[in-house]
Amino acid sequence: MEAPHSDASLGSQKAAPTDKVARLHLELARKWEEILKKIRSKPAFESFLKPKSFGKLDAAASDGPVVILNVQETRCDALVLIKGRIVSSVKHIHLERFSYQAAEKLLQQLKAALSSAGLRARSVRAHHWVKPKTDVSAGLRGILRTLWLDVVEPVLQGLEYKVELKKPPRIWWCPTGPLAFLPIHAAGQYDTASVGRKLSDYVVSSYTPTLTAILSEARIKAKSFKLLAVALPLTPYASSLPYTTNEIERIQKLTTKTSLVELTSESATVKRVVEEMKASDWVHLACHGEQVIEKAMKSGLLLHDKKLELSEMIKLSLPRAEFAFLSACQTATGDEKVAEESVHLASGMLFAGYRGLIATMWSINDKDAPQVAEDVYQRILKDGKPKREEAARALHDAVKRLREESKGDMLSWVPFIHIGR
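Residues numbered from 1 in each chain as written. Predicted model: local features only at pLDDT ≥ 70, side-chain atom pairs only at ≥ 80, totals over all residues. Heavy atoms only, no water.

Caption draft 1: Expanded view of the overall build of the protein. Helix and strand counts for the protein come out as 11 helices and 14 strands. Out of the 421 residues in the protein, the part that is buried amounts to 51%. (Helix = DSSP H or I, 4+ residues; strand = E, 2+ residues; numbered from the N terminus. Buried < 20%, exposed > 50% of the residue type's maximum accessible area, 1.4 Å probe, protein only.)

Now the structure itself:
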(Lines give C-alpha, C1' and ligand atoms only; values in the text may rest on other atoms or scores of the structure.)
Protein backbone atom coordinates (compact mmCIF):
# COMPACT_ATOMS: atom_id res chain seq x y z
CA MET A 1 0.00 0.00 0.00
CA GLU A 2 1.44 3.39 -1.02
CA ALA A 3 2.13 5.94 1.62
CA PRO A 4 -0.08 9.02 1.23
CA HIS A 5 1.48 12.15 -0.16
CA SER A 6 2.30 14.72 2.45
CA ASP A 7 1.00 18.27 2.08
CA ALA A 8 4.54 19.38 1.36
CA SER A 9 5.11 16.89 -1.43
CA LEU A 10 1.68 17.65 -2.93
CA GLY A 11 2.39 21.36 -2.84
CA SER A 12 5.85 20.93 -4.36
CA GLN A 13 4.40 19.01 -7.30
CA LYS A 14 1.78 21.68 -8.21
CA ALA A 15 3.30 24.91 -6.96
CA ALA A 16 6.26 24.93 -9.33
CA PRO A 17 4.34 25.30 -12.60
CA THR A 18 1.89 27.74 -10.99
CA ASP A 19 4.74 29.94 -9.80
CA LYS A 20 6.30 29.79 -13.24
CA VAL A 21 3.09 30.93 -14.95
CA ALA A 22 2.60 33.68 -12.38
CA ARG A 23 6.15 34.97 -12.89
CA LEU A 24 5.65 34.89 -16.66
CA HIS A 25 2.41 36.89 -16.37
CA LEU A 26 4.09 39.47 -14.15
CA GLU A 27 6.97 39.80 -16.59
CA LEU A 28 4.61 40.22 -19.56
CA ALA A 29 2.54 42.78 -17.62
CA ARG A 30 5.69 44.78 -16.85
CA LYS A 31 6.76 44.70 -20.49
CA TRP A 32 3.24 45.74 -21.55
CA GLU A 33 3.29 48.73 -19.19
CA GLU A 34 6.78 49.71 -20.37
CA ILE A 35 5.71 49.59 -24.03
CA LEU A 36 2.56 51.61 -23.31
CA LYS A 37 4.59 54.17 -21.37
CA LYS A 38 7.03 54.48 -24.27
CA ILE A 39 4.22 54.89 -26.83
CA ARG A 40 2.36 57.42 -24.69
CA SER A 41 5.50 59.51 -24.39
CA LYS A 42 5.29 60.27 -28.11
CA PRO A 43 3.48 63.40 -29.32
CA ALA A 44 -0.21 62.75 -30.22
CA PHE A 45 -0.09 59.31 -28.57
CA GLU A 46 -0.61 60.46 -24.98
CA SER A 47 -4.01 58.73 -24.82
CA PHE A 48 -3.05 55.55 -26.69
CA LEU A 49 -5.42 52.69 -25.68
CA LYS A 50 -7.12 54.91 -23.12
CA PRO A 51 -10.87 55.59 -23.24
CA LYS A 52 -11.55 59.01 -24.73
CA SER A 53 -12.48 61.67 -22.23
CA PHE A 54 -15.80 63.50 -22.46
CA GLY A 55 -13.86 66.60 -23.41
CA LYS A 56 -12.74 64.85 -26.59
CA LEU A 57 -15.93 62.93 -27.35
CA ASP A 58 -18.10 66.04 -27.27
CA ALA A 59 -16.51 67.15 -30.54
CA ALA A 60 -18.69 64.50 -32.22
CA ALA A 61 -21.62 66.87 -31.68
CA SER A 62 -19.89 69.95 -33.10
CA ASP A 63 -22.30 70.20 -36.06
CA GLY A 64 -25.43 68.96 -34.30
CA PRO A 65 -26.61 66.73 -31.44
CA VAL A 66 -25.88 63.01 -31.40
CA VAL A 67 -28.76 60.89 -30.11
CA ILE A 68 -27.73 57.55 -28.63
CA LEU A 69 -30.82 55.36 -28.48
CA ASN A 70 -30.24 52.88 -25.67
CA VAL A 71 -32.66 49.97 -25.87
CA GLN A 72 -32.57 47.50 -22.97
CA GLU A 73 -35.00 44.91 -21.65
CA THR A 74 -35.42 46.94 -18.45
CA ARG A 75 -35.95 50.38 -20.04
CA CYS A 76 -35.31 52.56 -23.10
CA ASP A 77 -33.68 55.98 -23.13
CA ALA A 78 -32.21 58.59 -25.44
CA LEU A 79 -28.90 60.11 -24.37
CA VAL A 80 -28.31 63.27 -26.38
CA LEU A 81 -24.80 64.65 -26.64
CA ILE A 82 -25.00 68.43 -27.08
CA LYS A 83 -21.95 70.56 -27.83
CA GLY A 84 -22.00 73.88 -26.00
CA ARG A 85 -19.95 76.98 -26.63
CA ILE A 86 -18.45 76.72 -23.18
CA VAL A 87 -19.78 73.55 -21.58
CA SER A 88 -21.09 70.46 -23.37
CA SER A 89 -23.76 68.24 -21.88
CA VAL A 90 -25.66 64.97 -22.16
CA LYS A 91 -29.43 65.31 -22.04
CA HIS A 92 -31.40 62.31 -20.83
CA ILE A 93 -34.81 61.61 -22.37
CA HIS A 94 -36.71 58.60 -21.05
CA LEU A 95 -38.64 56.79 -23.80
CA GLU A 96 -41.40 55.69 -21.49
CA ARG A 97 -43.74 54.39 -24.22
CA PHE A 98 -41.08 52.24 -25.87
CA SER A 99 -39.55 48.87 -24.94
CA TYR A 100 -37.04 46.31 -26.15
CA GLN A 101 -39.92 43.99 -26.97
CA ALA A 102 -41.58 46.73 -29.04
CA ALA A 103 -38.33 47.25 -30.98
CA GLU A 104 -38.09 43.53 -31.71
CA LYS A 105 -41.71 43.46 -32.86
CA LEU A 106 -41.12 46.38 -35.23
CA LEU A 107 -38.06 44.64 -36.65
CA GLN A 108 -40.05 41.48 -37.34
CA GLN A 109 -42.78 43.55 -39.00
CA LEU A 110 -40.18 45.26 -41.20
CA LYS A 111 -38.71 41.90 -42.23
CA ALA A 112 -42.18 40.68 -43.16
CA ALA A 113 -42.84 43.80 -45.24
CA LEU A 114 -39.53 43.48 -47.12
CA SER A 115 -40.13 39.79 -47.70
CA SER A 116 -43.61 40.53 -49.05
CA ALA A 117 -42.08 42.98 -51.51
CA GLY A 118 -39.58 40.35 -52.67
CA LEU A 119 -36.65 42.63 -51.81
CA ARG A 120 -33.42 40.75 -52.26
CA ALA A 121 -31.30 42.76 -54.69
CA ARG A 122 -31.26 45.95 -56.70
CA SER A 123 -33.18 45.03 -59.83
CA VAL A 124 -34.02 46.35 -63.27
CA ARG A 125 -37.63 45.71 -62.38
CA ALA A 126 -39.64 47.52 -59.77
CA HIS A 127 -40.17 45.71 -56.49
CA HIS A 128 -41.77 42.30 -57.02
CA TRP A 129 -44.82 42.47 -54.83
CA VAL A 130 -45.79 39.14 -53.29
CA LYS A 131 -48.60 40.96 -51.50
CA PRO A 132 -50.52 44.00 -52.78
CA LYS A 133 -48.43 47.20 -52.67
CA THR A 134 -51.07 48.90 -50.53
CA ASP A 135 -50.75 46.20 -47.84
CA VAL A 136 -46.96 46.41 -47.69
CA SER A 137 -46.92 50.22 -47.68
CA ALA A 138 -49.57 50.23 -44.94
CA GLY A 139 -47.39 47.93 -42.86
CA LEU A 140 -44.37 50.18 -43.31
CA ARG A 141 -46.43 53.26 -42.46
CA GLY A 142 -47.43 51.57 -39.21
CA ILE A 143 -43.78 50.94 -38.33
CA LEU A 144 -42.78 54.54 -39.08
CA ARG A 145 -45.76 55.84 -37.10
CA THR A 146 -44.72 53.86 -34.00
CA LEU A 147 -41.12 55.02 -34.33
CA TRP A 148 -42.38 58.60 -34.56
CA LEU A 149 -44.77 58.52 -31.61
CA ASP A 150 -42.69 56.41 -29.20
CA VAL A 151 -39.07 57.24 -30.09
CA VAL A 152 -38.48 60.25 -32.32
CA GLU A 153 -41.19 62.71 -31.26
CA PRO A 154 -40.22 62.46 -27.55
CA VAL A 155 -36.62 63.25 -28.54
CA LEU A 156 -37.63 66.30 -30.61
CA GLN A 157 -39.88 67.52 -27.79
CA GLY A 158 -37.08 67.04 -25.27
CA LEU A 159 -34.78 69.12 -27.49
CA GLU A 160 -37.56 71.68 -28.05
CA TYR A 161 -37.18 71.53 -31.83
CA LYS A 162 -39.56 73.37 -34.11
CA VAL A 163 -40.56 72.70 -37.72
CA GLU A 164 -37.85 73.97 -40.07
CA LEU A 165 -38.45 73.31 -43.77
CA LYS A 166 -36.06 75.81 -45.37
CA LYS A 167 -32.78 74.95 -43.68
CA PRO A 168 -33.31 72.25 -41.04
CA PRO A 169 -30.49 71.60 -38.55
CA ARG A 170 -28.41 68.41 -38.55
CA ILE A 171 -28.87 65.52 -36.14
CA TRP A 172 -27.06 62.19 -35.78
CA TRP A 173 -28.70 58.94 -34.66
CA CYS A 174 -26.72 56.21 -32.93
CA PRO A 175 -29.25 53.39 -32.38
CA THR A 176 -28.53 50.16 -30.50
CA GLY A 177 -30.09 46.71 -30.39
CA PRO A 178 -33.06 46.11 -32.74
CA LEU A 179 -33.33 49.86 -33.41
CA ALA A 180 -30.06 49.62 -35.37
CA PHE A 181 -32.02 47.92 -38.17
CA LEU A 182 -35.02 50.25 -38.24
CA PRO A 183 -35.45 53.42 -40.38
CA ILE A 184 -35.35 56.04 -37.63
CA HIS A 185 -34.65 58.77 -40.23
CA ALA A 186 -38.02 58.17 -41.92
CA ALA A 187 -40.14 58.16 -38.74
CA GLY A 188 -43.43 59.96 -39.13
CA GLN A 189 -47.16 59.81 -39.69
CA TYR A 190 -47.68 59.50 -43.44
CA ASP A 191 -51.44 59.13 -43.33
CA THR A 192 -51.74 62.89 -42.91
CA ALA A 193 -50.57 65.85 -44.97
CA SER A 194 -50.08 67.99 -41.85
CA VAL A 195 -46.67 69.60 -41.53
CA GLY A 196 -44.77 68.65 -38.39
CA ARG A 197 -45.81 64.99 -38.30
CA LYS A 198 -42.55 63.54 -39.64
CA LEU A 199 -38.89 63.81 -38.68
CA SER A 200 -37.78 65.34 -41.99
CA ASP A 201 -39.93 68.42 -41.21
CA TYR A 202 -37.53 69.23 -38.38
CA VAL A 203 -34.01 67.98 -39.14
CA VAL A 204 -31.58 66.47 -41.62
CA SER A 205 -30.76 63.01 -40.29
CA SER A 206 -27.49 61.09 -40.38
CA TYR A 207 -26.38 57.91 -38.64
CA THR A 208 -23.21 56.92 -36.87
CA PRO A 209 -22.23 53.52 -35.42
CA THR A 210 -20.15 55.18 -32.66
CA LEU A 211 -19.22 58.62 -31.36
CA THR A 212 -15.57 58.19 -32.37
CA ALA A 213 -16.61 57.42 -35.96
CA ILE A 214 -17.65 61.07 -36.48
CA LEU A 215 -14.85 62.80 -34.61
CA SER A 216 -13.03 65.24 -36.86
CA GLU A 217 -9.48 64.40 -37.85
CA ALA A 218 -6.99 66.75 -39.44
CA ARG A 219 -6.04 65.55 -42.92
CA ILE A 220 -3.70 66.76 -45.61
CA LYS A 221 -5.80 67.50 -48.68
CA ALA A 222 -4.57 66.28 -52.04
CA LYS A 223 -3.63 68.91 -54.61
CA SER A 224 -6.19 67.62 -57.10
CA PHE A 225 -9.64 66.12 -56.52
CA LYS A 226 -10.38 62.64 -57.82
CA LEU A 227 -13.71 60.81 -58.06
CA LEU A 228 -13.85 57.09 -58.82
CA ALA A 229 -17.09 55.88 -60.42
CA VAL A 230 -17.69 52.13 -60.67
CA ALA A 231 -20.61 50.62 -62.58
CA LEU A 232 -21.48 47.03 -63.35
CA PRO A 233 -24.44 46.84 -65.73
CA LEU A 234 -23.52 43.19 -66.31
CA THR A 235 -22.00 41.05 -63.58
CA PRO A 236 -21.13 37.46 -64.63
CA TYR A 237 -22.53 35.94 -61.43
CA ALA A 238 -25.43 38.35 -60.67
CA SER A 239 -28.49 39.87 -62.34
CA SER A 240 -28.07 42.77 -64.78
CA LEU A 241 -28.34 46.42 -63.71
CA PRO A 242 -28.67 48.39 -66.97
CA TYR A 243 -29.52 51.68 -65.24
CA THR A 244 -26.04 51.82 -63.66
CA THR A 245 -24.67 52.99 -67.03
CA ASN A 246 -27.08 55.92 -67.08
CA GLU A 247 -26.18 56.62 -63.44
CA ILE A 248 -22.50 57.09 -64.30
CA GLU A 249 -23.33 59.16 -67.40
CA ARG A 250 -25.31 61.60 -65.24
CA ILE A 251 -22.39 61.94 -62.82
CA GLN A 252 -20.00 62.43 -65.73
CA LYS A 253 -21.95 65.48 -66.90
CA LEU A 254 -21.46 67.10 -63.48
CA THR A 255 -17.70 66.53 -63.23
CA THR A 256 -16.35 68.82 -65.96
CA LYS A 257 -14.09 70.65 -63.50
CA THR A 258 -13.03 67.61 -61.53
CA SER A 259 -11.11 64.44 -62.23
CA LEU A 260 -13.33 61.42 -62.90
CA VAL A 261 -12.04 57.86 -63.21
CA GLU A 262 -14.54 55.36 -64.57
CA LEU A 263 -14.35 51.60 -64.14
CA THR A 264 -17.17 49.69 -65.80
CA SER A 265 -17.94 46.05 -66.54
CA GLU A 266 -14.75 44.02 -67.21
CA SER A 267 -12.45 46.80 -65.98
CA ALA A 268 -14.15 46.85 -62.55
CA THR A 269 -12.11 44.05 -61.01
CA VAL A 270 -11.27 43.91 -57.30
CA LYS A 271 -7.62 44.74 -57.99
CA ARG A 272 -8.37 47.78 -60.16
CA VAL A 273 -11.10 49.12 -57.90
CA VAL A 274 -8.89 48.83 -54.79
CA GLU A 275 -5.99 50.55 -56.60
CA GLU A 276 -8.17 53.47 -57.64
CA MET A 277 -9.86 53.72 -54.24
CA LYS A 278 -6.44 54.32 -52.70
CA ALA A 279 -5.85 57.22 -55.09
CA SER A 280 -9.35 58.76 -54.92
CA ASP A 281 -11.09 61.22 -52.61
CA TRP A 282 -14.62 60.09 -53.46
CA VAL A 283 -15.96 56.79 -54.75
CA HIS A 284 -19.33 56.00 -56.34
CA LEU A 285 -20.19 52.30 -56.48
CA ALA A 286 -23.16 51.35 -58.69
CA CYS A 287 -23.27 47.60 -58.36
CA HIS A 288 -24.73 44.72 -56.40
CA GLY A 289 -24.02 44.51 -52.69
CA GLU A 290 -24.34 41.36 -50.65
CA GLN A 291 -24.99 41.01 -46.93
CA VAL A 292 -24.01 37.66 -45.39
CA ILE A 293 -25.94 37.58 -42.13
CA GLU A 294 -24.20 34.49 -40.76
CA LYS A 295 -20.72 35.92 -41.42
CA ALA A 296 -20.95 39.70 -41.62
CA MET A 297 -17.30 40.17 -42.56
CA LYS A 298 -17.96 38.09 -45.70
CA SER A 299 -20.43 40.72 -46.88
CA GLY A 300 -19.22 42.83 -49.76
CA LEU A 301 -19.58 44.47 -53.16
CA LEU A 302 -19.98 42.23 -56.20
CA LEU A 303 -17.37 43.36 -58.72
CA HIS A 304 -16.65 41.86 -62.15
CA ASP A 305 -14.33 39.04 -61.10
CA LYS A 306 -15.31 38.46 -57.48
CA LYS A 307 -16.65 40.00 -54.29
CA LEU A 308 -14.72 42.73 -52.48
CA GLU A 309 -15.37 41.60 -48.92
CA LEU A 310 -15.86 43.80 -45.89
CA SER A 311 -12.96 42.01 -44.17
CA GLU A 312 -10.66 43.30 -46.92
CA MET A 313 -12.15 46.82 -47.03
CA ILE A 314 -11.43 47.58 -43.39
CA LYS A 315 -7.76 46.61 -43.91
CA LEU A 316 -7.23 49.08 -46.74
CA SER A 317 -5.07 52.15 -46.29
CA LEU A 318 -7.05 54.96 -47.88
CA PRO A 319 -5.21 58.23 -47.15
CA ARG A 320 -7.47 60.31 -49.43
CA ALA A 321 -10.81 58.69 -48.54
CA GLU A 322 -13.48 61.30 -47.89
CA PHE A 323 -16.88 60.34 -49.32
CA ALA A 324 -18.52 57.22 -50.72
CA PHE A 325 -21.87 56.71 -52.43
CA LEU A 326 -22.87 53.05 -52.19
CA SER A 327 -25.54 52.78 -54.84
CA ALA A 328 -25.88 49.07 -54.26
CA CYS A 329 -28.34 46.92 -52.36
CA GLN A 330 -28.24 46.18 -48.65
CA THR A 331 -25.12 48.27 -48.01
CA ALA A 332 -26.39 49.44 -44.63
CA THR A 333 -28.07 46.24 -43.47
CA GLY A 334 -26.36 45.04 -40.32
CA ASP A 335 -25.84 41.68 -38.67
CA GLU A 336 -28.37 41.12 -35.89
CA LYS A 337 -25.92 38.93 -33.97
CA VAL A 338 -23.59 41.91 -33.60
CA ALA A 339 -26.18 44.67 -33.61
CA GLU A 340 -24.33 46.75 -31.05
CA GLU A 341 -21.34 46.93 -33.40
CA SER A 342 -23.35 47.94 -36.47
CA VAL A 343 -21.36 45.66 -38.76
CA HIS A 344 -22.34 46.38 -42.35
CA LEU A 345 -20.67 47.53 -45.55
CA ALA A 346 -21.21 51.23 -44.97
CA SER A 347 -19.80 51.14 -41.44
CA GLY A 348 -16.89 49.08 -42.74
CA MET A 349 -16.02 51.85 -45.21
CA LEU A 350 -16.43 54.41 -42.44
CA PHE A 351 -13.86 52.54 -40.36
CA ALA A 352 -11.65 52.21 -43.45
CA GLY A 353 -11.35 56.00 -43.48
CA TYR A 354 -14.29 57.54 -45.35
CA ARG A 355 -15.76 60.53 -43.50
CA GLY A 356 -19.27 60.30 -44.90
CA LEU A 357 -21.32 57.86 -46.94
CA ILE A 358 -24.66 57.49 -48.65
CA ALA A 359 -25.98 53.94 -48.52
CA THR A 360 -29.21 51.94 -48.58
CA MET A 361 -30.89 49.92 -45.84
CA TRP A 362 -32.41 47.50 -48.33
CA SER A 363 -32.68 46.88 -52.07
CA ILE A 364 -33.55 49.80 -54.32
CA ASN A 365 -35.23 50.08 -57.70
CA ASP A 366 -32.56 50.27 -60.39
CA LYS A 367 -34.42 53.11 -62.14
CA ASP A 368 -34.52 55.26 -58.97
CA ALA A 369 -30.78 55.27 -58.37
CA PRO A 370 -29.68 57.49 -61.31
CA GLN A 371 -32.09 60.28 -60.33
CA VAL A 372 -31.10 60.23 -56.66
CA ALA A 373 -27.41 60.19 -57.60
CA GLU A 374 -27.84 63.12 -60.01
CA ASP A 375 -29.76 65.18 -57.44
CA VAL A 376 -27.06 64.56 -54.83
CA TYR A 377 -24.07 65.29 -57.05
CA GLN A 378 -25.65 68.45 -58.47
CA ARG A 379 -25.38 69.88 -54.98
CA ILE A 380 -22.11 68.42 -53.68
CA LEU A 381 -20.30 69.20 -56.96
CA LYS A 382 -21.90 72.60 -57.52
CA ASP A 383 -19.66 74.87 -59.63
CA GLY A 384 -17.19 72.01 -59.88
CA LYS A 385 -16.19 72.35 -56.23
CA PRO A 386 -16.45 69.18 -54.12
CA LYS A 387 -18.41 69.77 -50.90
CA ARG A 388 -18.73 66.52 -48.98
CA GLU A 389 -20.25 68.35 -46.03
CA GLU A 390 -23.37 69.00 -48.14
CA ALA A 391 -24.04 65.29 -48.82
CA ALA A 392 -26.58 64.79 -46.02
CA ARG A 393 -28.61 67.85 -47.05
CA ALA A 394 -28.35 66.86 -50.72
CA LEU A 395 -29.73 63.40 -49.93
CA HIS A 396 -32.43 64.93 -47.73
CA ASP A 397 -33.73 66.96 -50.69
CA ALA A 398 -33.26 64.14 -53.21
CA VAL A 399 -35.27 61.72 -51.09
CA LYS A 400 -37.99 64.35 -50.61
CA ARG A 401 -38.34 64.57 -54.38
CA LEU A 402 -38.40 60.77 -54.74
CA ARG A 403 -41.00 60.51 -51.98
CA GLU A 404 -43.26 63.00 -53.75
CA GLU A 405 -42.92 61.11 -57.04
CA SER A 406 -43.16 57.60 -55.60
CA LYS A 407 -46.96 57.27 -55.87
CA GLY A 408 -47.25 55.54 -52.52
CA ASP A 409 -44.26 53.20 -52.94
CA MET A 410 -42.69 53.90 -49.56
CA LEU A 411 -40.11 51.16 -50.03
CA SER A 412 -38.50 53.17 -52.84
CA TRP A 413 -37.38 56.24 -50.84
CA VAL A 414 -37.08 55.04 -47.24
CA PRO A 415 -33.89 52.93 -47.70
CA PHE A 416 -31.58 55.83 -48.64
CA ILE A 417 -29.52 57.01 -45.64
CA HIS A 418 -26.50 59.15 -44.82
CA ILE A 419 -23.84 57.87 -42.44
CA GLY A 420 -20.98 59.79 -40.84
CA ARG A 421 -20.13 63.42 -41.47
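Caption draft 2: Geometry of the pattern of salt bridges. Inspection of every chain in the model, using the stated rule, returns 20 salt bridges. A network of salt bridges, in which partner residues are shared, links K226, R272 and E276. (Salt bridge = Lys/Arg side-chain N within 4 Å of Asp/Glu carboxyl O.)

Caption draft 3: The packing of aromatic side chains, seen in detail. Inspection of every chain in the model, using the stated rule, returns seven aromatic pairs. Put simply, the rings of F225, W282, F323, F325 and Y377 pair up and form one aromatic cluster. The cationic tip of R403 hangs over the ring face of W413; the distance from NZ or CZ to the ring centre is 5.3 Å. The residue whose ring lies beneath R421 is W172, and the NZ or CZ to ring-centre distance is 5.1 Å. (Phe/Tyr/Trp six-rings, centres within 6.5 Å; stacked < 30°, edge-to-face > 60°. Lys NZ or Arg CZ within 6 Å of the ring centre and 35° of its normal.)

Caption draft 4: Quick look at helix α5 (residues 243–253). Buried within α5 we find T244, E247, I248 and I251. Buried residues in α5, looked at end-on, bunch into an arc of 90 degrees, giving them a common side. The elements touched by buried residues of α5 are β6 (226–231), β7 (259–264), β8 (282–286) and α9 (368–380). (Arc of directions from axis to C-beta. Contact = heavy atoms within 4.5 Å.)

Caption draft 5: Up close: the pairing of strand β3 (residues 89–94). Note that strand β2 (residues 76–82) and β3 share six bridges and pair antiparallel. Residue pairing for β3: A78 is matched across the bridge by I93. Two successive antiparallel strands, β2 and β3, enclose a turn made up of six residues. (Pairing = 2+ DSSP bridges.)

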